[in-house]
Amino acid sequence: MGHMSMRNRKTLLTAAALTAGLTLAAVTPALAGASASGTTRAAAVSSAQGDPRNVTQHVADFYGAYIDAVWATDDPTAAASAKALRGFYLSAAAQKKVAAFEKKEHADGILFAQNVPVKWKVAYTGSGAGHATSRVTLTWGDGPHPQVSRIDVQSDLKTLKITGLKPAG
């Protein structure tokens, strides 16, 4: 069963990478507008890998899949997918905190924004007392000086569930 899980995970990651690449390919020309040379280029993901035991990778998997789901506004399954991802990756307490933030701020409690970033990256920043912290960096546009925001994500080292999210100060 472990072999099947890994195969399914690779298939899921490949599909997510392909979807992200195709979405970016479709959106890039619209965002880029007419360039001086009149050409546009699309980024392609050449490879992806992961480890389901790694807490930082777990956060990266969540943000990658979640951003793909909220980006796909024309997909009727996107909202249900985003909700399911929250249920799988976040602890019950973290889900309640996110819901409370969203009710109060009228913004997405995972991204701490009303729109969707065009890029993301996740880095391990430390651990202690049974938890690890990852720093998620979200990029909100293209060009030489895009807006960037950062979120500190706390995860339980045993369950890998996300237990807390807060804008990095």
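Worth saying up front: this structure is predicted, and the values here are computed from it rather than measured.

*Asks:* Got a minute to help me understand the overall build of the protein chain in this structure?
*Replies:* Scanning the protein chain from terminus to terminus reveals four helices and four strands. Along the chain direction, N to C, the helices and strands of the protein chain fall in the order α-α-α-α-β-β-β-β. Here the protein chain, with 169 residues, has 32% of them falling under the buried criterion. Relative to all contacts within the protein chain whose residues are 6 or more apart in sequence, the contacts with residues 24 or more apart total 45%. Here the protein chain has roughly 10700 Å² of accessible surface; of this, 58% comes from carbon and sulfur atoms.

*Asks:* Explanation requested: the packing of aromatic side chains in the structure shown.
*Replies:* In this description, a pair of aromatic rings is defined by centroid distance and the angle of the planes. Counted under the stated rule, the structure contains five aromatic pairs. Where Phe88 meets Tyr89, the ring centres are 4.9 Å apart and the plane angle is 90°; that geometry is what we call edge-to-face. For Phe88, a relative accessible area of 51% translates into the label exposed. Judged by centre distance (4.9 Å) and plane angle (75°), the ring pair of Phe101 and Phe112 falls under edge-to-face. Pair noted here: Phe101 is in helix α4 (residues 92-105) and Phe112 is in the loop between α4 and β1 (119-128), with a separation of 11 residues, a long-range link. Through successive ring pairs, a cluster of aromatic residues spans Phe62, Tyr63, Tyr66, Phe88 and Tyr89. Above the ring of Phe88, the side-chain terminus of Lys161 is found at 5.2 Å from the ring centroid.

*Asks:* When you look at the nonpolar core in this model, what are you seeing that I'm missing?
*Replies:* Nonpolar side chains in soluble globular proteins tend to be buried together. By size, the foremost hydrophobic cluster in this structure holds 25 residues, and its most contacted members are Phe62, Tyr63, Leu90 and Leu111. Taken together, the elements giving at least two residues each to this core come down to α2 (55-71), α3 (78-89), α4, β2 (131-139), β3 (148-156) and β4 (162-167). For this core, the leading source of residues is α2, giving eight residues. The residues touching Phe62, leaving out its near neighbours within four places in the chain, are Leu85, Arg86, Tyr89, Leu90, Ile110 and Ile162.

*Asks:* How do you make sense of the environment of Ile151 when you look at a structure like this?
*Replies:* The residue Ile151 is located in strand β3 in this model. Taking relative accessible area as the criterion, Ile151 reaches 1% and is therefore assigned buried. Taking the C-alpha atoms as reference points, Ile151 and Leu138, 13 residues apart in sequence, are found 8.1 Å from one another.

*Asks:* Got a minute to help me understand the packing of α2 against α3 in this structure?
*Replies:* The packing of two helices is summarised by the inter-axis angle and the distance between the axes. Put simply, α2 and α3 touch, their axes get as near as 8 Å, and they point 165° apart. What the angle tells us is that α2 and α3 run roughly antiparallel. The handedness of the crossing between α2 and α3 comes out as left-handed. Residue-level inspection shows His58, Asp61, Phe62, Ala65, Tyr66, Ala69 and Val70 of α2 in contact with α3, the latter providing Ala78, Ser81, Ala82, Leu85, Arg86, Phe88 and Tyr89. Residue composition of the contact of α2 with α3, by class: 10 nonpolar, two polar and two charged.

*Asks:* It is not clear to me how the confidence of the model for the protein chain should be interpreted in this structure. Could you clarify?
*Replies:* Interpreting fine coordinate detail is not advised for predicted regions of low pLDDT. When pLDDT is averaged along the protein chain, the result is 82, and 73% of the positions lie at 70 or above. Ignoring residues within four places in sequence, the model shows residues 1-41, a span with pLDDT below 50, making 22 contacts including any to other chains.

*Asks:* When you look at α3 in this model, what are you seeing that I'm missing?
*Replies:* Taking 1.5 Å as the rise per residue, α3 with 12 residues should run 16 Å; its terminal C-alpha atoms sit 16 Å apart, in good agreement. Three or more residues of α3 are buried, namely Ala78, Ala82, Leu85, Arg86 and Tyr89. The arc that holds the buried residues of α3, viewed along the axis, is 100°, so those residues lie on one side. Across α3 from its buried face, at more than 90 degrees, point the exposed residues Ala80, Lys83 and Phe88.

Thresholds applied
- Residues numbered from 1 in each chain as written.
- Predicted model: local features only at pLDDT ≥ 70, side-chain atom pairs only at ≥ 80, totals over all residues.
- Heavy atoms only, no water.
- Helix = DSSP H or I, 4+ residues; strand = E, 2+ residues; numbered from the N terminus.
- Buried < 20%, exposed > 50% of the residue type's maximum accessible area, 1.4 Å probe, protein only.
- Contact = heavy atoms within 4.5 Å.
- Areas by Shrake-Rupley, 256 points an atom, 1.4 Å probe, with all protein chains shown as cover.
- Phe/Tyr/Trp six-rings, centres within 6.5 Å; stacked < 30°, edge-to-face > 60°.
- Lys NZ or Arg CZ within 6 Å of the ring centre and 35° of its normal.
- Core = buried A, V, L, I, M, F, W, Y, C linked by side-chain atoms within 4.5 Å.
- Axes fitted to C-alpha atoms, helices over the stretch in contact; angles between N-to-C directions.
- Parallel < 35°, antiparallel > 145°, perpendicular 65-115°, else oblique.
- Left-handed = near helix turned anticlockwise from the far one by under 90°.
- Nonpolar A, V, L, I, M, F, W, Y, C, P; charged D, E, K, R; others polar.
- pLDDT = per-residue confidence, 0-100.
- Expected span 1.5 Å × (residues − 1).
- Arc of directions from axis to C-beta.

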